[in-house]
Amino acid sequence: MTVNISAAAAVILQRELLLGFRRPDQLLQPLVFFLIVTTLFPLALSAQLSLLRDMAPGVLWVSALLASLLSIDVLFKGDADDGTLEQLVLSGVPLGVIVIVKTLAHWLVSGAALVVVSPLVAMALGIPFGAFGTMMLSLALGTLTLSWLGAIGAALTVGLRRGSMLLSLIVLPLASPLLIFGASATDRAITGSGSAGALYLLAALCVLTSTLAPLAIAAALRITLE
Amino acid sequence: MWTWFYRLASPPYVYGFVGPAIPWLLAAAACLIGYGLVAGLVFAPPDYQQGDAFRIIYVHAPSAWLSLCAYTTMAVAGAIGLVWRIKIGFAVAAAAAPIGASFTLVALVTGALWGRPMWGTYWAWDPRLTSELILLFLYFGVMSLRRALDDAARGDRAAALLAIVGVVNVPIIHFSVQWWNSLHQGATVMKFGKSQMPGSMLLPLLAMLCGFMIFFVAVLCQRLRAELLMRERLAVWVREAIRT
């Protein structure tokens, strides 16, 4: 039986998006989490706007990192529990294509949504309007990269009952270069020095993970599902 | 001609093969480390800038180097296990992980002790220090993933995959002092061209490096034997090996 790959990809994408929008609370929770975590920093440290502006890139990026880790945990879990994932693996569509579509769909409902609400947080943290474009671009590249890295961790821990702690332990060290370049791009946009270099590095990381991570995710799923 | 090579994939053969080598390796490591310690701590001249404090390099640099070396060993052994489905590969990877984590910890602690008199602080958020710390976290991740999966074979393969993904960190650590303007001093030994160290300092350091490597291999063999006994505990050869 031959399967038309692009048609299959479209069907999977449609299904993922439909499932995402059928459960709006699951969609909103990471966003609310992102907002709450960013609120915690001014409460715990200091509400001085000048001080907040210095910390804003770090606060924004750490919160985005934690929020996307929280949401990536369920990427394969539901499908693995009810057997859909095994059917997908057996369907004849290359597993790499399936994980690419699933991860991209997940990014659309979590990462992209996070980018959309980020100006709200940025305003509260005193980031100037001129830096919004760079900040959103860097967050878009960063959350996509995080989705790929997180999907590797999610695929490795899919069979575990309480894998979310282990997921963070696995993904956070891998995500640290991303945090460095992302926060420095935002920081440079705020201070007005050229942020192009950091953005290029972020884009390079994004391309690297977009091309190599699907292979690792597919291999990890084969290991944990067999 | 290749039969000896194929035999390396058989657990009883490897178990018997590495056992007699361990005392020799340990003796060689003891000689090299003994020479390196005496020559480095007593006979080498004090550094013109750092005085006697530089002597911790004889422990710090070899263990930092071995921390990367052990990680690479773990990843390569895991890849061999994944690609060719060789059980020995996973056993080597499992045996190498705790040793590598220990070397990383030693490198971090000796680095902190060295940093105190030189930089005035135990810890700095410097690229090389931070990436070495991340290496330690990677080791922890690999070790806990292996233990977390109920099925041992799946745990092995998942940990091997994670180790391979984490290999990207190894060049980052190695070249961090060149890529970023770092507080940590640049490479003096491992670089192309003539070394910047005089022979009386360099020779003990090289002896320590070789000694640490041989020590690593010896400990790896010992752990590998234990690992093989544990993994093959239901096999007949293990019962025979224990009885004799």
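Only a predicted model underlies this, so the values are computations on that prediction, with no experimental measurement involved.

About the cut-offs
- Residues numbered from 1 in each chain as written.
- Chains lettered and ligands numbered in written order.
- Predicted model: local features only at pLDDT ≥ 70, side-chain atom pairs only at ≥ 80, totals over all residues.
- Heavy atoms only, no water.
- Phe/Tyr/Trp six-rings, centres within 6.5 Å; stacked < 30°, edge-to-face > 60°.
- Buried < 20%, exposed > 50% of the residue type's maximum accessible area, 1.4 Å probe, protein only.
- Contact = heavy atoms within 4.5 Å.
- Buried area = accessible area lost by both parts, 1.4 Å probe.
- Salt bridge = Lys/Arg side-chain N within 4 Å of Asp/Glu carboxyl O.
- Polar contact = N/O pair within 3.5 Å; in protein donor to acceptor, adjacent residues only side chain to side chain.
- Helix = DSSP H or I, 4+ residues; strand = E, 2+ residues; numbered from the N terminus.
- Nonpolar A, V, L, I, M, F, W, Y, C, P; charged D, E, K, R; others polar.
- 1 Å grid on protein atoms, 1.4 Å probe; cavity = no way out; pocket = protein on both sides within 12 Å on 5 of 7 lines; lining within 4 Å.
- Points joined across faces, edges and corners; volume = space filled by probe spheres on them.
- Core = buried A, V, L, I, M, F, W, Y, C linked by side-chain atoms within 4.5 Å.
- pLDDT = per-residue confidence, 0-100.
- Expected span 1.5 Å × (residues − 1).
- Axes fitted to C-alpha atoms, helices over the stretch in contact; angles between N-to-C directions.
- Parallel < 35°, antiparallel > 145°, perpendicular 65-115°, else oblique.
- Left-handed = near helix turned anticlockwise from the far one by under 90°.
- Patch = residues over 30% accessible without salt bridge, like charges linked within 9 Å, V, L, I, M, F, W, Y side chains within 5 Å.
- Areas by Shrake-Rupley, 256 points an atom, 1.4 Å probe, with all protein chains shown as cover.

Re the packing of aromatic side chains
Applying the stated rule across the entire model yields six aromatic pairs over all chains. An angle of 55° between the planes, with centres 5.2 Å apart, marks the rings of F129 of chain A and F132 of chain A as tilted. Given a relative accessible area of 61%, F129 of chain A falls into the exposed group. The exposure class assigned to F132 of chain A is buried, which follows from its relative accessible area of 11%. Between the aromatic rings of F103 of chain B and F216 of chain B, the centroid separation amounts to 6.3 Å while the plane-to-plane angle is 65°, which identifies the pairing as edge-to-face.

As for the interface of chain A and chain B
The interface is formed by 18 residues belonging to chain A together with 19 residues belonging to chain B. Taken over both partners, the interface formed by chain A and chain B buries close to 1600 Å², and the fraction arising from carbon and sulfur atoms is 79%. Across the chain A-chain B interface, the total number found is zero salt bridges. Across the chain A-chain B interface, the total number found is one residue pair in polar contact (both at pLDDT 80 or more). Looking at the side of chain A that touches chain B, the elements that each hand over two or more residues are α8 (132–156), α9 (164–191) and α10 (196–225) of chain A. The class makeup of the residues in the side of chain A that touches chain B is 13 nonpolar, three polar and two charged.

Comments concerning empty space enclosed by the protein
All names here are of chain A. What the rule picks out here adds up to one cavity of 30 Å³ or more. There is about 50 Å³ of room inside the largest cavity. What lines the largest cavity is simply L27, P30, L31, A67, S68, S71, S110, G111, L114 and T143. Looking at the lining of the largest cavity, the elements that each hand over two or more residues are α2 (24–44), α3 (49–72) and α7 (111–124). Within the lining of the largest cavity, the residues separate by chemical class into five nonpolar, five polar and no charged.

Points about the pattern of salt bridges
Residue and element names in this part refer to chain A. Applying the stated criterion across every chain yields a total of nine salt bridges over all chains. Taking the shortest distance from any N to any O, the salt bridge between R15 and E16 comes out at 3.1 Å. Classification of R15 by relative accessible area gives partly exposed; the value is 29%. For E16, a relative accessible area of 14% puts it in the buried group. Each of R15, E16, D79 and K102 takes part in salt bridges that share partners, so that together they form one network.

Observations regarding the nonpolar core
F76, I127 and I217 of chain A together with M74 of chain B are the most contacted members of the largest nonpolar core, which totals 135 residues. Leaving out residues up to four positions away in the same chain, I127 of chain A has contacts with A56, L60, A122, F132, M135 and I190 of chain A.

Digging into the confidence of the model for chain B
Residue and element names in this part refer to chain B. In this model, chain B carries an average pLDDT of 84, and 92% of its residues clear a pLDDT of 70 or more. Mean pLDDT across the elements of chain B bottoms out in helix α8 (residues 169–179) (73) and peaks in helix α4 (residues 57–84) (91). Across the interfaces of the predicted complex, the ipTM metric reaches 0.82, alongside a pTM of 0.86.

A short note on helix α7 (residues 152–166) of chain B
All names here are of chain B. An ideal rise of 1.5 Å per residue puts 21 Å on 15 residues; α7 measures up with 21 Å between its terminal C-alpha atoms. Buried residues dominate α7, accounting for eleven of its 15 residues. If you check which residues of α7 are buried, you get G155, D156, R157, A158, A159, A160, L161, L162, A163, V165 and G166.

Some remarks on the side chain of T104 of chain B
All names here are of chain B. Relative to the assigned elements, T104 resides in helix α5 (residues 87–119). Overall, the relative accessible area of 0% leaves T104 in the buried class. Once residues lying within four places of it in the same chain are set aside, the contact partners of T104 are S67, E132, L135, L136 and Y139.

A short note on the packing of helix α6 (residues 95–109) of chain A against α8 of chain A
Any two packed helices are characterised by how steeply their axes cross, that is the angle between the axes, and by the distance between the axes. Residue and element names in this part refer to chain A. Direction vectors running N to C along α6 and α8 enclose 135°, while the axes themselves pass 10 Å from each other. Relative to α8, the element α6 lies oblique. The two elements α6 and α8 meet at a crossing, and its hand is right-handed. Counted together, V99, I100, T103, L104, H106 and W107 of α6 and A140, T143, L144, S147, W148 and A151 of α8 form the full contact between these two elements. Here the residues of the contact of α6 with α8 sort into eight nonpolar, four polar and no charged.

Things to note about a nonpolar patch on the surface
All names here are of chain B. Side chains of W2, W4, F5, Y6, L8 and F17 sit close together on the surface and give an oily, nonpolar patch of about 710 Å² of accessible area. Considering each element in turn, the nonpolar patch owes the most residues, three residues, to helix α1 (residues 3–7). A residue is classified by how much of its surface remains accessible, and W2, at 48% relative accessible area, is partly exposed.

A short note on the layout of surface pockets
Size it by volume and the largest pocket reaches roughly 990 Å³. Residue lining of the largest pocket: 37 residues in total, with L174, P177 and L205 of chain A together with V168 and I172 of chain B positioned closest to the centre. Listing elements by their share of the lining of the largest pocket, those giving two or more residues are α8, α9 and α10 of chain A together with α6 (127–148), α7 and α8 of chain B. A total of ten residues in the lining of the largest pocket trace back to one element, the largest contributor, which is α10 of chain A. When grouped by side-chain class, the residues that make up the lining of the largest pocket number 30 nonpolar, six polar and one charged.

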